[in-house]
Amino acid sequence: MTPETSQPVPEEHLDSLPFPYSQRPYCPYEPFEKRVKKIRVLVVNNLLRYESDLSDVARREWGESAAAKLERERYISGLAMDNIVNNIMRLVEAPDVRVVHLSEAVEAAAEFRPQAIVLSGTLSDFDYYDPAMLRRFASFAVKTTTPILGICGGHQLIGLCFGVGCVTLDNHEPGEQRDGRNFEYQYRFIRITDPEDPIFRGIHERDAGVWQDYTTEGRILRVWQNHGLQLPRVPEGFKLLATAYLCRNQMMVKREEGQLIYTVQFHLEKSFQDLTSSLQRINPNLSPEERKRLLREEASSRTLWAHPNESRDGRLLFENFLLLALEHTKGAQ
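Since the structure is predicted, the reported quantities are computational estimates derived from the model, not experimental observations.

**Things to note about the overall build of the protein**
Here is step 1 of the chain: For the protein, the count of helices and strands is 7 helices and 13 strands.
Here is step 2 of the chain: Here the protein holds 333 residues, and 53% of them are scored as buried.
Here is step 3 of the chain: Of all intrachain contacts in the protein linking residues separated by at least 6 positions in sequence, the fraction that spans at least 24 positions is 79%.
Here is step 4 of the chain: Counting every atom, the protein has about 15,100 Å² of accessible surface; 49% of that belongs to carbon and sulfur.

Written out as structure tokens, the structure is:
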């Protein structure tokens, strides 16, 4: 790992965001056309799979429960990878996607020669990961010129690669607070701090279908949060792009030394979640309108903010990253 260096979040960005920002209970569906023709994407599964992925800390603390915990990580990783790949399929006309584990990422990047790399979220603290596996990926991440998008745990992994470790949301070391942590688990608004960055193209356009008017009310994005750790600082060479009151480093970018690395603490890949897709769990004898109403009520109680169709903001950010990755790759060539 590189030495720990960082830049503080500017004071002018530390003002609290109201929540809920408005009383709208959902994000309306917005039809769109695919703007990405084709792209080669390597999706990296950052969750743990086998005992060989574990550190001595994990083996000691997990003990006999390690097998069950790894089985759970493998199950969740399948869902997470499907979600990311589904986003790419929905955004690209002719995608070429390969999914590999973190332990295989360096070799896969050399063989597959992707035009973009997407790092998934995580479930366990990084001190549970084999240190050699993390060091190997870090040596790749700090040098590669292939564009990278880090999502949630992938955002934290990039921070770790560039010398900034994770802390809890109330600034404890992960090992000091394994249980009883504060979590963000709901849709929240975050504030854009650098609206001129090209990753935000189209966020303020009114002529692309249904308009989400909160975006003009204060450079606001509506995103899904699901994390109990955060990066307390912005690594050297990165620039802050978005912030919020509970977790300051919500989004950052690095464009130095031929690199293009975007990372987001939130889950922009939740773009196409449709809570009405599980209607079979609702009494089939009810009318379609009543079944949808009941499902959305259930979803609202789970997530604190119902999400019936899609997250326009997450979809635009993901799409813009893919387009920027193609521009970057073409420019490098």
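**As for the packing of helix α2 (residues 66-91) against helix α7 (residues 312-332)**
Here is step 1 of the chain: Closest axis-to-axis distance for the α2/α7 pair is 11 Å, and the angle between their directions is 75°. It follows that α2 is roughly perpendicular to α7 by the angle criterion. Contacts from Ile84, Asn87, Ile88 and Leu91 of α2 reach α7 at Arg315, Phe318, Glu319 and Leu322.
Here is step 2 of the chain: For the contact of α2 with α7, the class distribution of residues is 5 nonpolar, 1 polar and 2 charged.

**Some words on unusual backbone geometry**
Here is step 1 of the chain: Of note in the backbone geometry, Cys152 takes a positive phi value of approximately 55° without being a glycine.
Here is step 2 of the chain: By the secondary structure assignment, Cys152 is in the loop between β5 (148-151) and α5 (153-161).
Here is step 3 of the chain: A residue is classified by how much of its surface remains accessible, and Cys152, at 5% relative accessible area, is buried.
Here is step 4 of the chain: A positive phi is found at Asn171, a non-glycine position, where the angle reads about 70°.
Here is step 5 of the chain: Positionally, Asn171 belongs in the loop between β6 (167-168) and β7 (184-192).
Here is step 6 of the chain: Residue Asn171 is classed as exposed on the basis of its relative accessible area of 57%.

**Some points on α5**
Here is step 1 of the chain: Extensive coverage of α5 is indicated by the burial of 9 of its 9 residues.
Here is step 2 of the chain: Directly after α5, the chain includes Gly163, whose backbone phi takes a positive value near 95°.

**What about the packing of aromatic side chains?**
Note on aromatic pairs: each is described by the distance of the centres and the angle between the planes.
Here is step 1 of the chain: This model, assessed by the stated rule, comprises 6 aromatic pairs.
Here is step 2 of the chain: Between the aromatic rings of Phe137 and Phe140, the centroid separation amounts to 5.9 Å while the plane-to-plane angle is 50°, which identifies the pairing as tilted. Of the two residues, Phe137 and Phe140 both sit in helix α4 (residues 131-141), 3 residues apart, roughly one turn of that helix.
Here is step 3 of the chain: Given a relative accessible area of 16%, Phe140 falls into the buried group.
Here is step 4 of the chain: The ring centre of Trp224 lies 5.0 Å from the NZ or CZ of Lys270, which sits over that ring.

Rules used throughout
Within each chain, residue numbers correspond to sequence positions counted from 1 in written order. Where local features are concerned, this predicted model is filtered to residues with pLDDT of at least 70; where side-chain atom pairs are given and counted, the filter is 80 or more; whole-chain, interface and lining totals use all residues. Only hydrogens and water are set aside when side-chain values are computed; all heavy atoms of the structure are taken into account. Strands are runs of DSSP state E lasting at least two residues, helices are runs of H or I lasting at least four, and both sets are numbered from the N terminus onward. Using a 1.4 Å probe on the protein chains alone, a residue whose accessible area is under 20% of its type maximum counts as buried, one over 50% counts as exposed, and one in between counts as partly exposed. Note on contacts: a residue pair qualifies if any of its non-hydrogen atoms lie within 4.5 Å across the two residues. Surface accessibility follows the Shrake-Rupley procedure with a 1.4 Å probe radius. Residue values consider only the protein chains on display as shielding. With axes taken as lines fitted to C-alpha atoms, and helix axes fitted only over the stretch in contact, angles between N-to-C directions fall between 0 and 180 degrees. Under this scheme an angle from 65 to 115 degrees is roughly perpendicular, one under 35 degrees roughly parallel, and one over 145 degrees roughly antiparallel; angles in between are oblique. Lys, Arg, Asp and Glu make up the charged group, whereas Ala, Val, Leu, Ile, Met, Phe, Trp, Tyr, Cys and Pro make up the nonpolar group; the residues left over, Gly among them, are polar. By convention, a stacked pair of Phe, Tyr or Trp rings (six-membered ring in the case of Trp) has centres within 6.5 Å and planes under 30 degrees apart, an edge-to-face pair has planes over 60 apart, and any other such pair is tilted. Whether a charge sits over a ring depends on NZ of Lys or CZ of Arg being within 6 Å of the ring centre and within 35 degrees of the ring normal.

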